[in-house]
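Close look at the chain arrangement
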Amino acid sequence: MEHRANEQVTAAVVTVTPCEDGPLLVRGPFTLTTQDGRRIDPGRATVALCRCGRSSAKPFCDGSHKAVGFRASSEPDPPA
């Protein structure tokens, strides 16, 4: 029974993973909204959000980061 309880907790966790030189992957039960609060239907349970700013499908990634040479680490920037 304890194992099932852990599975339920894991299922309720949202994770955001910055991909090296690519998008932010969002997994888990999330709600995506505009700044005015209107819901954006992601169409799936896991989405890739653009972080290069060049996608023609914003806020979703369309792979444009590859063509424009976007570079960003998966790790946080070191403190200044």
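Fair warning: this is a prediction, and the values are worked out from it, not measured in the lab. Numbering of residues begins from 1 in every chain and follows the order in which that chain's sequence is written. Local features in this predicted model are restricted to residues whose pLDDT is 70 or higher, and side-chain atom pairs enter the listing and the counts only when it is 80 or higher, whereas totals over whole chains, interfaces and linings include all residues. To get the side-chain values, take all heavy atoms of the structure and skip hydrogens and water.

**Re the overall build of the protein**
Strands here are runs of E lasting at least two residues and helices are runs of H or I lasting at least four, both read from the DSSP assignment and numbered beginning at the N terminus. Each helix and strand in the protein was counted, giving two helices and five strands. Seen in sequence order, the protein has helices and strands lined up from the N terminus as α-β-β-β-β-β-α. Across the 80 residues that make up the protein, the buried fraction comes to 20%. Element-wise, carbon and sulfur atoms account for 52% of the exposed surface of the protein, whose accessible area totals about 6200 Å². Burial status follows relative accessibility: with a 1.4 Å probe on protein chains alone, a residue under 20% of its type maximum counts as buried, one over 50% as exposed, and anything between as partly exposed. The protein chains shown are the only cover counted for residues, whose accessible areas, like all others here, come from Shrake-Rupley with a 1.4 Å probe.

**Topic: the pattern of salt bridges**
The rule for a salt bridge is simple: a side-chain nitrogen of Lys or Arg has to be within 4 Å of a carboxyl oxygen of Asp or Glu. For the structure shown, the criterion picks out one salt bridge. Arg 71 is the partner of Asp 21 in a salt bridge, and the nearest nitrogen-oxygen pair spans 3.5 Å. Taken together, the positions of Asp 21 in the loop between strand E1 (15-18) and strand E2 (24-27) and Arg 71 in the segment after helix H2 (64-68) put the pair 50 residues apart, joining distant regions of the chain.

**Structural notes on the pairing of E1**
Looking at chain direction, E1 and E2 are connected through four bridges and run antiparallel. Considered in E2, the bridge of Thr 15 is made with Arg 27. Only strands joined by at least two bridges in the DSSP assignment are considered to pair. Hairpin connection from E1 to E2: five residues lie between these consecutive antiparallel strands, with Asp 21 at a positive phi of about 60°.

**Things to note about the nonpolar core**
With six residues, the main nonpolar core is built from Val 26, Phe 30, Leu 32, Val 47, Leu 49 and Phe 60. If we skip the residues at most four places from it in the chain, Val 47 touches Leu 24, Leu 25, Val 26, Phe 30, Pro 42 and Phe 60. What makes a nonpolar core is a set of buried Ala, Val, Leu, Ile, Met, Phe, Trp, Tyr and Cys residues whose side-chain atoms join them at distances within 4.5 Å. Residues are treated as being in contact if the distance between any of their heavy atoms lies within 4.5 Å.

**With respect to unusual backbone geometry**
For residues other than glycine, phi is negative in most cases, and the peptide bonds are mostly trans. Each neighbour pair has its own omega, and for Lys 58 with Pro 59 the value is 10°, a cis peptide bond. Mapped onto the fold, Pro 59 is located in the loop between strand E5 (46-49) and H2. Unusually for a residue other than glycine, Asp 21 sits at a positive phi of about 60°. We classify Asp 21 as partly exposed; its relative accessible area is 21%.

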